[in-house]
Structures are given as structure tokens and as C-alpha cells.
Amino acid sequence: MGLTIAQKIIKAHLLEGDMTPGSEIALRIDQTLTQDATGTMAYLEFEAMGIPRVRTELSVAYIDHNTLQSGFMNADDHRFIQSMAKKYGLKFSRPGNGICHQVHLERFGKPGKTLIGSDSHTPTGGGIGMLAMGAGGLDVAVAMGGGAYYITMPRMIKVNLTGKLAPFVTAKDVSLEILRILSVKGGVGYIIEWGGPGIARLSVPERATITNMGTELGATTSIFPSDEVTKAFLEKEGRGGDYVPLASDSDAEYDRVIDIDLSALEPMIACPHSPDAVVKVSDVAGTKVDQVCIGSCTNSSLFDMMKVAAILRDHVIDPSVSLSISPGSKQVLSMLAESGALNDILSSGARLLECACGPCIGMGFSPNSGGVSLRTFNRNFEGRSGTKDGKVYLVSPETAAAAALFGEITDPRKLGEETAARVLGVKLPDEFKIDDSAVIEPASPEEAGSVEILKGPNIKDCPVGDPLTDEIEAEIVLKVGDNITTDHIMPAGSKILPYRSNIPHLSQYCFEVVDPSFPERAKAAGTSIVVGGENYGQGSSREHAALVPLYLGVRAVVAKSFARIHAANLINAGIMPLTFVDAADYDILKQGEKVRITGTEEGLETGVFKLVCGDSEIKLKGEFTERQKKMIRAGGLLRSV
Ligand code: MIC
Ligand code: SF4
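Please read these numbers as outputs of a predicted model, since none were measured by experiment.

Calculation criteria
Residues numbered from 1 in each chain as written. Chains lettered and ligands numbered in written order. Predicted model: local features only at pLDDT ≥ 70, side-chain atom pairs only at ≥ 80, totals over all residues. Heavy atoms only, no water. Pairing = 2+ DSSP bridges. Helix = DSSP H or I, 4+ residues; strand = E, 2+ residues; numbered from the N terminus. Phe/Tyr/Trp six-rings, centres within 6.5 Å; stacked < 30°, edge-to-face > 60°. Buried < 20%, exposed > 50% of the residue type's maximum accessible area, 1.4 Å probe, protein only. Lys NZ or Arg CZ within 6 Å of the ring centre and 35° of its normal. Near = heavy atom within 4 Å. Polar contact = N/O pair within 3.5 Å; in protein donor to acceptor, adjacent residues only side chain to side chain. Nonpolar A, V, L, I, M, F, W, Y, C, P; charged D, E, K, R; others polar. Disulfide = S-S within 2.5 Å. Axes fitted to C-alpha atoms, helices over the stretch in contact; angles between N-to-C directions. Contact = heavy atoms within 4.5 Å. Left-handed = near helix turned anticlockwise from the far one by under 90°. Parallel < 35°, antiparallel > 145°, perpendicular 65-115°, else oblique. Salt bridge = Lys/Arg side-chain N within 4 Å of Asp/Glu carboxyl O. Expected span 1.5 Å × (residues − 1).

1. Details of the sheet that holds strand β7 (residues 131-134)
Here is step 1: The strand order across the open sheet formed by 6 strands is β7-β6-β3-β4-β5-β20, and the pairing between neighbours is mixed. Strands at the two margins of the open sheet, each flanked by one partner only, are β7 and β20 (439-440).
Here is step 2: Sheet analysis places strand β4 (residues 58-62) next to strand β5 (residues 91-93), joined by 3 bridges and oriented parallel. Across the sheet, the residue bridging to alanine 61 is phenylalanine 92, located in β5.

2. Observations regarding the packing of aromatic side chains
Describing an aromatic ring pair means giving the distance of the ring centres and the angle of the ring planes.
Here is step 1: Scanning the model with the defined rule gives 7 aromatic pairs in all.
Here is step 2: Summarising the aromatic geometry, the rings of phenylalanine 46 and tyrosine 88 are spaced 5.3 Å apart at their centres and angled 85° between planes, so their arrangement reads as edge-to-face. Within this pair, whereas phenylalanine 46 is found in helix α2 (residues 36-49), its partner tyrosine 88 is found in helix α3 (residues 72-88), the two being separated by 42 residues in sequence.
Here is step 3: A residue is classified by how much of its surface remains accessible, and phenylalanine 46, at 1% relative accessible area, is buried.
Here is step 4: Its relative accessible area of 11% is what places tyrosine 88 among the buried residues.
Here is step 5: Geometrically, the ring pair formed by phenylalanine 580 and tyrosine 586 is edge-to-face, given 6.2 Å between the ring centres and 85° between the ring planes. There is no split in this pair, since phenylalanine 580 and tyrosine 586 are both buried.
Here is step 6: Positioned above the aromatic ring of tyrosine 586, the side-chain terminus of lysine 479 is 4.1 Å from the ring centre.

3. Looking at the site of ligand 1
Here is step 1: As a structural note, the neighbourhood of ligand 1 is formed by 14 residues, with Asp119, Ser120, Arg384, Ser541 and Arg542 the closest of them.
Here is step 2: Interatomic distance of 2.8 Å between a side-chain N/O atom of arginine 384 and an oxygen atom of ligand 1.
Here is step 3: Here the residues of the shell around ligand 1 sort into 2 nonpolar, 7 polar and 5 charged.

4. A look at the state of the cysteines
Here is step 1: Applying the stated criterion across every chain, the model contains 0 disulfides.
Here is step 2: Just so you know, cysteine 293 is unpaired, no disulfide at all, and the nearest cysteine sulfur is the one on cysteine 360, 9.4 Å from it.
Here is step 3: Of the cysteine sulfurs around cysteine 510, a residue in no disulfide, the closest is that of cysteine 462, at 15 Å.
Here is step 4: We classify cysteine 510 as buried; its relative accessible area is 0%.

5. Side note on the sheet that holds strand β11 (residues 221-223)
Here is step 1: Read across the open sheet, the 4 strands follow the order β11-β10-β9-β12; overall the sheet is parallel. On the outer flanks of this sheet lie β11 and β12 (256-261), each paired with one strand and no other. Strand-to-strand, the axes of this sheet are offset by a mean angle of 20°, without reference to chain direction.
Here is step 2: With 6 bridges connecting them, strand β9 (residues 155-162) and β12 associate as parallel partners. Within the sheet, the bridge partner assigned to lysine 158 lies in β12 and is valine 257.
Here is step 3: The sheet contacts of helix α6 (residues 171-182) involve β9, β10 (190-195) and β12, and relative to β12 the element is tilted by about 135°.

6. Remarks on the packing of helix α10 (residues 302-312) against helix α11 (residues 330-339)
Here is step 1: Interhelical geometry of α10 versus α11 gives an angle of 35° and a closest axis separation of 10 Å. α11 is crossed by α10, and the crossing has right-handed handedness. Only Val332, Met335, Leu336 and Ser339 of α11 make contact with α10, whose side of the interface consists of Leu302, Met305 and Met306.
Here is step 2: Its residues assigned to classes, the contact of α10 with α11 shows 6 nonpolar, 1 polar and no charged.

7. Structural notes on the packing of helix α19 (residues 544-551) against helix α20 (residues 564-573)
Here is step 1: Between α19 and α20, the shortest axis-to-axis distance is 8 Å and the interhelical angle comes to 40°. Classified by the angle between their axes, α19 and α20 sit oblique to one another. Crossing angle aside, the handedness with which α19 passes α20 is right-handed. For the pair α19 and α20, the contacting residues are Ala545, Ala546, Leu547 and Leu550 in the first and His566, Asn569, Leu570 and Ala573 in the second.
Here is step 2: The class makeup of the residues in the contact of α19 with α20 is 6 nonpolar, 2 polar and no charged.

8. Observations concerning the pattern of salt bridges
Here is step 1: If you walk through the whole model with that rule in mind, you get 32 salt bridges.
Here is step 2: In the salt-bridge network here, residues are joined through shared partners; they are Glu601, Glu605, Glu626, Lys629 and Arg633.

9. So, the pairing of strand β18 (residues 372-375)
Working note: regular strand, side chains alternate between the two faces of the sheet.
Here is step 1: Burial along β18 is two-sided: the face carrying Val372 and Leu374 and the face carrying Ser373 and Arg375 are both buried.
Here is step 2: Judged from the 3 bridges that link them, strand β15 (residues 291-294) and β18 form a sheet pairing that is parallel. Pairing of glutamine 291 across the sheet is with serine 373, part of β18.
Here is step 3: Bridging between β18 and strand β19 (residues 391-394) involves 4 bridges; their strand directions are parallel. Bridge pairing in β19 links leucine 374 to tyrosine 393.

10. Looking at the environment of aspartate 515
Here is step 1: Checked against the element boundaries, aspartate 515 lands in the loop between α17 (503-506) and α18 (518-525).
Here is step 2: Not counting chain neighbours up to four residues away, the residues in contact with aspartate 515 comprise Leu478, Cys510, Arg521 and Gln591.
Here is step 3: A distance of 2.4 Å separates a polar atom in the side chain of aspartate 515 from a polar atom in the side chain of arginine 521.

11. Things to note about α6
Here is step 1: Taking 1.5 Å per residue, 12 residues should reach 16 Å; α6 reaches 17 Å between its end C-alpha atoms and fits that length.
Here is step 2: Most of α6 is tucked away: 10 of the 12 residues are buried.
Here is step 3: Of the positions making up α6, those classed as buried are Ala171, Lys172, Asp173, Val174, Ser175, Leu176, Glu177, Ile178, Leu179 and Leu182.
Here is step 4: Near the N-terminus of α6, the side chain that reaches the backbone nitrogen of lysine 172, with its oxygen 3.1 Å away, is that of threonine 170.

12. Description of the environment of aspartate 227
Here is step 1: Inspection of the secondary structure puts aspartate 227 in the loop between β11 and α8 (228-236).
Here is step 2: The sequence separation of aspartate 227 and glycine 117 amounts to 110 residues, and the corresponding C-alpha distance is 24 Å.
Here is step 3: Excluding its chain neighbours within four sequence positions, the residues that come into contact with aspartate 227 are Ile199, Arg207 and Tyr243.
Here is step 4: At 2.9 Å, the side chain of aspartate 227 forms a polar contact with the side chain of arginine 207.

Shown next as C-alpha cells:
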């Protein structure tokens, strides 16, 4: 039987296990990336491992999330990460150089290589034919030290693209369409391979928009072939030598095949508060818009920005709309400036933000009370924008620009033929502007010994779990529904993010969006469990969504199902992710009840755990590999090593 692209890369990197879907495999990791909001913790963990220098082919530390320096905390963390990169052999991408995924695609991604990043949108690299996955900080630290990355061998979905996108219909609309089809949990346990004749006209950054948002499907990753389009992109980046062709075998088998006819696609929009609440833009046209944000790791390439400039040129935005533009990288910004297109954007009344995540993670530019914000981003979870009652919609850059001009949600096709011709006429330069001056090289191995690690007062100890006891007596301190995100568990935003290396401080905000009294109640309970519905922990890779509950006494999470990265983070922290054998038992458990999980040692062996709640005994499933059992018994990965 032939192999898919992902199976070929997995086969070439397989260290342990066999490639049967559902079983655990260990992969050799070629490249890692970190960003600053998860990086401080990842580097503290790496430091604790006592390894003298990173052992990957390439590791890059980016600063792109916590760039708003209102106080010493973020600046201290940047200095800490910079000193770690210098000492331990990583490249350091300075604040302002751009969003990790965009810069990595431009300057470092290589087809056929494996990449893990402490950020859930690392699959952006799939646009260039990498097997790129998001992971918790601790898993990235282990990979930096030369250790394997463990995943469950995924099943394969193939999406076949045929036809050609109509004017004003874009790669983002393809992302939204697949979310409409599959939902935010439809990709769990799968790798999504994109192919078919329709991909030939999609550039690498457009492909990256699609693989980026594969994260919102819950997929392990998404990947495109490496072909002539990939080669042309690498050549423009002055990296033609990094090109290798990659395609699936003609007899490769997929568990599911989905066909999308690009010609039939219309502009799409995800409504509040979930990336899969997708309808046609025309269905909600006319809704008044207060704010428009263009950027993020999903839609901040030069092509995206040039199209926006072509739409805004010679126009002024609606007086009631506030428009922000954040180019994805310094490369994008400087080429935008040189071409004159930046001026077209600014003259329209837009505000230029840093080349960083910015509003996407609530790092400034929050909408007004109850405000409607149209964003070219990938997530619109409740409260994530920093305004609790803000209503965030996810759209393409074209739909965003149209809304900025008209002051209401507008089908961009209404912009007319002349504008369509301008957009279609956008030409990218033959060569991209290469300037890596904001990437700082590490010290040589000889000099590394004398590099001092700079830690600010905001860095506090990381909580470590306790060894497993045979019986866990706990209170159900919180019961939640389906699709709880890590933004619910551990919110971000400009006020909280600076404390990513200070778990005690962060703990005050745990589950704030769902139930602000959670931290107090968890502390009072001592030992607790959380009960959840389907797809618990979807969204980001932040291990803080496991470490903070651990700090507050949570010892197990019982849910109908879990998102991949969060389940791994819970186990790394020594918290058991358990699922219901009979999902109907979810209804029996009530918040505030005292329960017992008995015979945990036997449970680890049989994969079935017993939870006693009043007169009821509920069966829970927890099938762990030997490696995971070791972590759970020890109280987490750090303790087990
Ligand atoms: C996100 O988009 O939610 C983040 C912020 O990039 C996170 C990482 C984090 O929480 O620091 C992610 O996607 O993993
Ligand atoms: Fe940054 Fe937003 Fe992308 Fe996360 S999703 S990496 S916050 S731009």
C-alpha cells in the first residue's frame, strides 16, 4: 500500500512504535519553535533538564505575543528568553521581527522536516510541506534536548480541491468551509492532507492560511505537497536549496475523502463565539461593525496585505469603524512600505500595529463594549478579545476590508469589478526582501559557558504534581459543557499574559470566563476534579491550562472527550484525563459533590477506573501507554525524569 505525505515523513522520523492509527509513536524532531507566552515556561523546564545545548537541527525562540510592555514583566521575560537562546544554541527572533509562524514559514521552514512548536498554530508550516505540530512547552523542551515527541498515530483525511476561486473568495474561505463541514472537533485524531488540481493556484502563504486553521478542527496537523509552488516560494526567499519535492503515492489510502469545488465557494464568516459557527457572509450582511482587525498568523502575508491595500486605495474607511493592520513580519512590512501599498492602507484611516499577535490574543486593541469586531484571525472564543461581551467574527482580508469601508458586514463581491481587477492585479515581487538582522545568533559552544541567564522577579517556581495515591477523594469543583477552550480554562489578554511564568498569580484567573469563583472554591476543596463535555481543552497549546489547575488542586479531569494537546499537557502535569465509558453518566455528576476515584493502580493496568459518587458507581476510561502511566504515577513528566 502506498503512503500519504504525512505517513512518509512519519516513517522517516519514526523512533518507536508502529504506524497503526491509534497507537502511540515517537518521532524525531528536526526543528522547534517557541513563542514568548509559552516560552518562558518551556525554557525554565529546559533549564531544569540540565542539557548543555539544544540538539535539534534548528531551534528558534520568537518574541511575538507579549509585546505590550506595560510594566517590567514582559521585558524581563524577553531578556530571559534571549539569554537562554544565546547560551543554549537557539536563534532569537527579536520583538518586531514578526509572528513566529509567518517568520518561520519565510525563513526557516523546510519541506519534509518535522517541527514542533509551543503554539497550537505550528501546523502553519504544513503549507510548505513540513510535518508541523503544536505541543506543550514541556514537550518542546524535551525535543530541544534531543528527546522524542510522542503522538497517537493519526488517521488520514484527504481534502480534494477542484476548480478555481472566484474573485473575492480566498484561502480563508476554504478554511471556514472545512470548519463548517467538520466542526471544531471533526479533525481530532486526523492529519488533513490537501491536494487535487485546485492547489496548483494556491501560493505557499495561502496554503499556510489553510493549514494554520486546521488547528481549529482539532487536527494533529494539516499538510500540502511540496511542489513547483513550494519551490518558487523558497526561491523568492533565497532558499531554493531547501526545496525537496513531496507527494503522496497514487495508491495511498485515506480514512475519509472530502471534495471541495473552489469555483462554487462564496465568502464565508465564522460567527461568535466559535470558529465553526460558519455561514455565508451574505447571510449576515448588514450587521453593523465597530472594529476590523487584519493580521495574525492566519492572514498577514504580503499577498493578504497587498490585496487589502488594493481595496482600500483612494478610499476612506467608515467613520464608525476602527481598523487595525498588523503585518505578519518585518519582511512583509518593509515590502509593503517599499511598494507604496502601506500608504494606501494608512491613507484610508487604518491604524498600523506591530508585526505581532496583538489583538488576536487580546494584547491591546480590544473592541468597545458589546462591539462587533471582524477579524482575519483564527479564533473568536468568548472573551478572548479582551472585551467580555465583544462579538468577534472571523473573515478573509477581503471581507474585512469591505466591512471597514461600508461600516457593516458586506459581501466583498459588492466592491465591484474595478476593485476586483485591482485585487486580481496584485503582483508579488520576484524576490522577497531578505533581512535577517532581527534574528540573533547564539553564542558559540566555547563562549556559551560565560553567558549569564537573566531572570526577573516575576519568574516563580513551576508547580510539580504529587505521586498518585490509590484512592483520590475529591470534590467536583466545576462541571462544564462541550468544547471548553484553553481560553476558558486559562484566559490570556494583556493583563494576565505577563504572568505566564508566575503560576500563583495566574491562578486567580483560572476559569474566569466560566465561573470567577472557581479559584477560591478549588483552593477550599483541597483536592478536586473538573467534569467536562466533548472536546475539553480545545484551542491553544498553553500548558498553563494544566499547570494552573494542578496548582489549585485538580487531580483529574473527567470529560466526554479531550483535545489532543491539552490531554498531553494534563498527563505531563500529572493530572489524569479520564473519559466516560457511558457518556450518559455525565448527567449523574453534579458540581459540588464529593466523589472518590478508587483503585487507581488497578485502573492504570486495566484502563478502567471507578468513580464513586453517592450511591452510584461510574466507570471511567483511561487507557494510557507505559510512558504515560509512569508520568501519572510519578506526578508528572518533570518528576518522572
Ligand atoms: C493562541 O492563539 O491561543 C496562542 C496564544 O497563540 C496559544 C499559545 C499561548 O497560549 O501562549 C496557542 O495557540 O497555542
Ligand atoms: Fe499569535 Fe493569534 Fe497566531 Fe496565536 S493565533 S500565534 S495569538 S497570531
